[in-house]
Amino acid sequence: MSHLESHLTDATEQSNTSHQPPLVEDSDPSDADSAYGASINSTISASLTSSVLNYRYENGRRYHAYREGQYYLPNDEDEQARLDMLHHIFCLVLDGALFRAPLFQHGQPQRVLDLGCGTGIWCMGFADEFPESLVIGIDLSPIQPDWVPPNCKFYVDDIESEWAYSPIEHFDYIHGRALCGSIADWPRLFTQSLANLRPGGWLEMQEFYCHVYDYDGGIDNAPCLKDWEVKITEASRRFGKDLKKANVLKQHMEDAGFVDVQEEIYKVPIGTWAKGRKFKELGRYSLVQFLDSVEPFSLALFTRVLGYTVDETKIMIAKVKSDLHNPKLHSYLHFHLVWGRKAGELGRSE
Ligand SMILES: C[S@@+](CC[C@H](N)C(=O)[O-])C[C@H]1O[C@@H](n2cnc3c(N)ncnc32)[C@H](O)[C@@H]1O
């Protein structure tokens, strides 16, 4: 094993919760309505009023209209393409699986909720794979397609508002992905999730921690990237929706009352520097995804929160992207998968 290989193997082993092998190892319902059988009474749910589509345009990007200003990333086609690529990356990490929680201990989950579903790609995948489940996706933006599996429904709503699903204890499985930076009050979100799960039901969060890990000191060749990470974290905190939260979600889930809480941390290289076919493929996508993230993450936070001009922000974006292309940079991210169960047995009264 080369020096680089053993170094990264050690780094992996030091993390108890790391599930993935070291970065070097991989060498080479159609009857949905009746299944649902209950109403969604949340704030605006089904109706797509014009105000929801009355998007805000700023600095060349398009932003959500419902609860305008609450979320700082755009919702335009470029952003949707980025989200779908992020979906692909999560699927690669999990070798094609959409979840880690042991969902099928008591048969197929009937009611599934996806928090902040984005383009709805995860919901549609789950609905296709499990036709007897009803999958509900909630988002501030109505950016999901019209032609979807019959057991998949989308609603515009704010997941940080009071939920009004009827009956309470409605869902067998609640899922959220890439929501760090979207949520002001994680403890409240998890408390609401717990209340809305059936006994025995699962909550799962799939997140990446917004820190660029350095493999071999190459980060010193990326000063703008380092500086950007510090500033964007600060901006997200001032905004009230901290980007760096993935590493505390397990604790928040336990504090909310979930049991059997598990966490796995996966290393995802940025770029093709790590050895092995799987990591090279992951790294190729994750570099493109990171490059495509710099502008959407920066524009609103730097101009609205930190007081940068648009030109200053765009110059900084160009420098950060240039750092990301530096071949001396051998960096990676941590993806955190966390899942926990509501105590009790999954039993149905109706
Ligand atoms: C980074 S995207 C992740 C999308 C999706 N979960 C995925 O993994 O592809 C975050 C999504 O959360 C949505 N969002 C942010 N705050 C929200 C809120 N308070 N209520 C509902 N959706 C929200 C955004 O509109 C956006 O689509």
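Residues numbered from 1 in each chain as written. Predicted model: local features only at pLDDT ≥ 70, side-chain atom pairs only at ≥ 80, totals over all residues. Heavy atoms only, no water.

- As recorded in an unreviewed UniProt entry, the protein chain goes by Methyltransferase and comes from Cladophialophora psammophila CBS 110553.

1. Some words on the overall build of the protein chain
Then, in step 1: For the protein chain, the helix and strand inventory stands at ten helices and nine strands.
Then, in step 2: If you sum the accessible surface of the protein chain, you get close to 14800 Å²; carbon and sulfur atoms cover 50% of it. (Helix = DSSP H or I, 4+ residues; strand = E, 2+ residues; numbered from the N terminus. Areas by Shrake-Rupley, 256 points an atom, 1.4 Å probe, with all protein chains shown as cover.)

2. A word on the packing of aromatic side chains
Then, in step 1: In total, this model carries 20 aromatic pairs according to the counting rule given.
Then, in step 2: Arranged with centres 5.5 Å apart and planes meeting at 15°, the rings of Tyr 213 and Tyr 332 form a pair that is stacked. Here Tyr 213 is found in strand S7 (residues 197-214), whereas its partner Tyr 332 is found in strand S9 (residues 331-341), with 119 residues between them in sequence.
Then, in step 3: A residue is classified by how much of its surface remains accessible, and Tyr 332, at 7% relative accessible area, is buried.
Then, in step 4: Centroid distance Trp 228 to Phe 290: 6.0 Å. Interplanar angle 50°. Geometry classified as tilted. (Phe/Tyr/Trp six-rings, centres within 6.5 Å; stacked < 30°, edge-to-face > 60°. Buried < 20%, exposed > 50% of the residue type's maximum accessible area, 1.4 Å probe, protein only.)

3. Observations regarding the pattern of salt bridges
Then, in step 1: Taken as a whole and judged by the stated rule, the model has 19 salt bridges.
Then, in step 2: We note a salt bridge from Arg 304 to Glu 58, for which the minimum N-O separation is 3.1 Å. Of this pair, Arg 304 sits in helix H9 (residues 277-305) while Glu 58 is found in strand S1 (residues 56-58), placing the two residues 246 residues apart along the sequence.
Then, in step 3: Residue classification places Arg 304 among the partly exposed residues on the basis of a relative accessible area of 29%.
Then, in step 4: With relative accessibility at 16%, the residue Glu 58 sits in the buried group.
Then, in step 5: Here Asp 227 makes a salt bridge to Lys 231, at a shortest N to O gap of 2.7 Å. Here Lys 231 and Asp 227 lie together in helix H7 (residues 223-239), a separation of four residues that amounts to about one turn.
Then, in step 6: On the basis of relative accessible area, Asp 227 is assigned to the partly exposed category, the value being 37%. (Salt bridge = Lys/Arg side-chain N within 4 Å of Asp/Glu carboxyl O.)

4. Some words on the side chain of Glu 207
Then, in step 1: Relative to the assigned elements, Glu 207 resides in strand S7.
Then, in step 2: Look at Glu 207: it is buried, it has no salt bridge, and the nearest opposite charge is Arg 177 at 7.9 Å.
Then, in step 3: There is a polar contact of 2.9 Å between the side chain of Glu 207 and the backbone nitrogen of Cys 180.
Then, in step 4: Excluding residues within four positions of it along the chain, Glu 207 makes contact with Phe 90, Gly 176, Arg 177, Ala 178, Leu 179, Cys 180, Trp 186, Ala 246, Leu 249, His 334, Phe 335 and His 336. (Lys, Arg positive; Asp, Glu negative; His and termini not counted. Polar contact = N/O pair within 3.5 Å; in protein donor to acceptor, adjacent residues only side chain to side chain. Contact = heavy atoms within 4.5 Å.)

5. Some points on the site of the ligand
Then, in step 1: Inspection of the region around the ligand gives 15 residues, with Gly 116, Asp 139, Asp 158, Ile 159 and Arg 177 positioned closest.
Then, in step 2: Gly 116 places a main-chain nitrogen or oxygen 2.7 Å from a nitrogen atom of the ligand.
Then, in step 3: At 3.3 Å from a nitrogen atom of the ligand is found a main-chain nitrogen or oxygen belonging to Leu 140.
Then, in step 4: In the complex, 97% of the free accessible area of the ligand, which totals 600 Å², lies under the protein chains.
Then, in step 5: Here the ligand is seated within the largest cavity.
Then, in step 6: Per-class residue counts for the shell around the ligand are seven nonpolar, four polar and four charged. (Near = heavy atom within 4 Å. 1 Å grid on protein atoms, 1.4 Å probe; cavity = no way out; pocket = protein on both sides within 12 Å on 5 of 7 lines; lining within 4 Å. Sits in = over half its atoms within 2 Å of the grid points. Nonpolar A, V, L, I, M, F, W, Y, C, P; charged D, E, K, R; others polar.)

6. Details of the layout of surface pockets
Then, in step 1: The calculated volume of the second largest pocket comes to roughly 150 Å³.
Then, in step 2: Broken down by class, the residue content of the lining of the second largest pocket amounts to six nonpolar, six polar and no charged. (Points joined across faces, edges and corners; volume = space filled by probe spheres on them.)

7. Examining the nonpolar core
Then, in step 1: Among the nonpolar cores identified, the biggest contains 64 residues, and Phe 126, Tyr 173, Leu 225, Trp 228, Phe 290, Leu 324 and Phe 335 are the most heavily contacted of them.
Then, in step 2: Leu 113, Ile 136, Ile 159 and Met 205 belong to the second largest nonpolar core, which has 29 residues in total. (Core = buried A, V, L, I, M, F, W, Y, C linked by side-chain atoms within 4.5 Å.)

8. A look at the pairing of S9
Then, in step 1: Burial analysis of S9 places eleven of its eleven residues in the buried class, which makes it a mostly covered element.
Then, in step 2: Burial along S9 is two-sided: Ser 331, Leu 333, Phe 335, Leu 337, Trp 339 and Arg 341 facing one way and Tyr 332, His 334, His 336, Val 338 and Gly 340 facing the other are all buried.
Then, in step 3: Here S7 runs beside S9; their pairing, made up of ten bridges, is antiparallel. Bridged to Phe 208 within S9 is Phe 335. (Pairing = 2+ DSSP bridges.)

9. Concerning the environment of Arg 62
Then, in step 1: Mapping Arg 62 onto the fold places it in strand S2 (residues 61-63).
Then, in step 2: Taking the C-alpha atoms as reference points, Arg 62 and Asp 78, 16 residues apart in sequence, are found 9.7 Å from one another.
Then, in step 3: With near-sequence residues (within four places) excluded, Arg 62 lies in contact with Tyr 55, Arg 56, Tyr 57, Pro 74, Asn 75, Asp 76, Gln 80 and Ile 143.

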